Amino acid sequence: MRYTVLASAVLLLLLPRAAAGADPDVMSDLHVTIRTYDTSSLPPDARQAAIATATGILALAGVTAVWMECDAVFVRSTGDPCLAPLGRTELSVRIVRLPPKPGHAGILPLGYSLVDTKARSGALATIYADRIAGLAVNCNIDFGLLLGRAVAHEIGHLLLGTPEHADKGLMRALWSRESITDSPESTWVFTTRDARSMRVALQTRAAEQFAHAIREFLILNP
Ligand SMILES: [Zn+2]
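Let us look at the structure shown here. (Residues numbered from 1 in each chain as written. Predicted model: local features only at pLDDT ≥ 70, side-chain atom pairs only at ≥ 80, totals over all residues. Heavy atoms only, no water.)

Let's talk about the coordination of the zinc ion
Moving on, step 1. Protein coordination of the zinc ion is provided by H153 (NE2), H157 (NE2) and H165 (NE2), with donor distances spanning 2.0 Å.
Moving on, step 2. In terms of primary sequence, the donors binding the zinc ion are separated according to H-x3-H-x7-H. Within this pair, whereas H153 is found in helix α4 (residues 143-160), its partner H165 is found in the loop between α4 and α5 (177-182), the two being separated by 12 residues in sequence. (Donors = N, O, S within 2.8 Å, 3.2 Å for Na, K, Ca; no water. Helix = DSSP H or I, 4+ residues; strand = E, 2+ residues; numbered from the N terminus.)

What to know about the pairing of strand β5 (residues 111-116)
Moving on, step 1. As paired elements, β5 and strand β6 (residues 121-128) share 6 bridges and run antiparallel to each other. Bridging from a neighbouring strand, S113 pairs with A125 of β6.
Moving on, step 2. Hairpin connection of β5 to β6: 4 residues between the antiparallel strands, including R120 at a positive phi of 50 degrees. (Pairing = 2+ DSSP bridges.)

Topic: the packing of aromatic side chains
Moving on, step 1. Applying the stated rule across the entire model yields 2 aromatic pairs.
Moving on, step 2. Taking the centre distance of 6.2 Å and the plane angle of 50 degrees together, the rings of Y112 and Y128 count as tilted. Here Y112 is found in strand β5, whereas its partner Y128 is found in strand β6, with 16 residues between them in sequence. With respect to burial, Y112 and Y128 carry one shared label: buried.
Moving on, step 3. Consider the rings of W175 and W188, whose centres lie 5.0 Å apart with planes at 70 degrees: the pair is edge-to-face. With W175 in the loop between α4 and α5 and W188 in the loop between α5 and α6 (192-220), this residue pair connects regions lying 13 residues apart in the sequence.
Moving on, step 4. W175 sits in the buried class, given a relative accessible area of 5%. (Phe/Tyr/Trp six-rings, centres within 6.5 Å; stacked < 30°, edge-to-face > 60°. Buried < 20%, exposed > 50% of the residue type's maximum accessible area, 1.4 Å probe, protein only.)

Re the packing of helix α3 (residues 129-139) against α4
Moving on, step 1. For the pair α3 and α4, the least separation of the axes is 9 Å and the interaxial angle reads 130 degrees. The angle between the axes of α3 and α4 places the two elements in the oblique class. For the pair α3 and α4, the crossing hand works out as right-handed. On α4, the residues touching A129, I132, A133, L135 and A136 of α3 are F143, L146, L147 and A150.
Moving on, step 2. Of the residues that constitute the contact of α3 with α4, the class distribution is 9 nonpolar, no polar and no charged. (Axes fitted to C-alpha atoms, helices over the stretch in contact; angles between N-to-C directions. Parallel < 35°, antiparallel > 145°, perpendicular 65-115°, else oblique. Left-handed = near helix turned anticlockwise from the far one by under 90°. Contact = heavy atoms within 4.5 Å. Nonpolar A, V, L, I, M, F, W, Y, C, P; charged D, E, K, R; others polar.)

Side note on the environment of T36
Moving on, step 1. Mapped onto the secondary structure, T36 falls in strand β2 (residues 31-38).
Moving on, step 2. Classification of T36 as buried rests on a relative accessible area of 3%.
Moving on, step 3. In sequence terms T36 and A125 are 89 residues apart; their C-alpha atoms lie 9.7 Å from each other.
Moving on, step 4. In this structure T36 touches R47, W67, M68, E69, C70, D71 and V93, once residues within four positions along its chain are discounted.
Moving on, step 5. Within the structure, T36 has its side chain in polar contact with the side chain of R47 (distance 3.0 Å). (Polar contact = N/O pair within 3.5 Å; in protein donor to acceptor, adjacent residues only side chain to side chain.)

Digging into the packing of helix α2 (residues 44-60) against α4
Moving on, step 1. Contact geometry of α2 with α4 gives a least axis separation of 7 Å together with a crossing angle of 45 degrees. With respect to their mutual orientation, α2 and α4 come out oblique. Two packed elements cross with a definite hand, and for α2 against α4 that hand is right-handed. Contact residues: A46, A49, A50, T53, A54, I57 and L58 in α2; F143, G144, L145, L147, G148, R149, V151, A152 and I155 in α4.

Quick word on the pattern of salt bridges
Moving on, step 1. With the rule as written, the count across this model stands at 5 salt bridges.
Moving on, step 2. Between R47 and E69 there is a salt bridge, with the nearest N and O atoms lying 3.6 Å from each other. Here R47 is found in helix α2, whereas its partner E69 is found in strand β3 (residues 64-69), with 22 residues between them in sequence.
Moving on, step 3. Taking relative accessible area as the criterion, E69 reaches 54% and is therefore assigned exposed.
Moving on, step 4. Salt-bridge contacts for E185 lead to R149; the nearest nitrogen and oxygen are separated by 2.9 Å. Of this pair, E185 sits in the loop between α5 and α6 while R149 is found in helix α4, placing the two residues 36 residues apart along the sequence.
Moving on, step 5. Salt bridges linked by common partners bring R47, E69 and D71 together as one network. (Salt bridge = Lys/Arg side-chain N within 4 Å of Asp/Glu carboxyl O.)

This is how it looks when you write it as structure tokens:
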């Protein structure tokens, strides 16, 4: 396990797709559900902008994002989907605050993902909202926009199952002021190769989820 840091009817519907080995390039319904756990008290407009940005970046990669707010701290009732075990096509993104130590002058991670490099898979990412907010002010860029890019970046790590980075684009490691202010919006996307790898990974996850559901069904209906 490594940390990567950023400086029933349903079954029938799933079966043909999983069994046919369809080309992920032509599949249009690859979904990933993303549970968010926000303890940073994001302003609603920033949250909305971040989700719209991340959704758009993933859509360009052929992945449909479904968001599930699990932020509320009230006692949850039985049946709440936020209490269910995380499925293979689900990810968790924590949005927290972690101010730097006084006098800190080096590079600050903006977030990290927990990735199993052997399984080439991950499920949990953490984003430091306060650090991204500070960077957004420094770059004179919308906080929600930058936050959404960071969320998409970490989701990329989880779906690609790797801590590796690119020299440029969304999956670059270091988000300097220059890279943010000088790089046009069109560069903050997944590469064609990464997008295809994510779709293949999601297809595999969906097949695993289907196999798990079949096992559960057979256990409950011997
Ligand atoms: Zn990264």
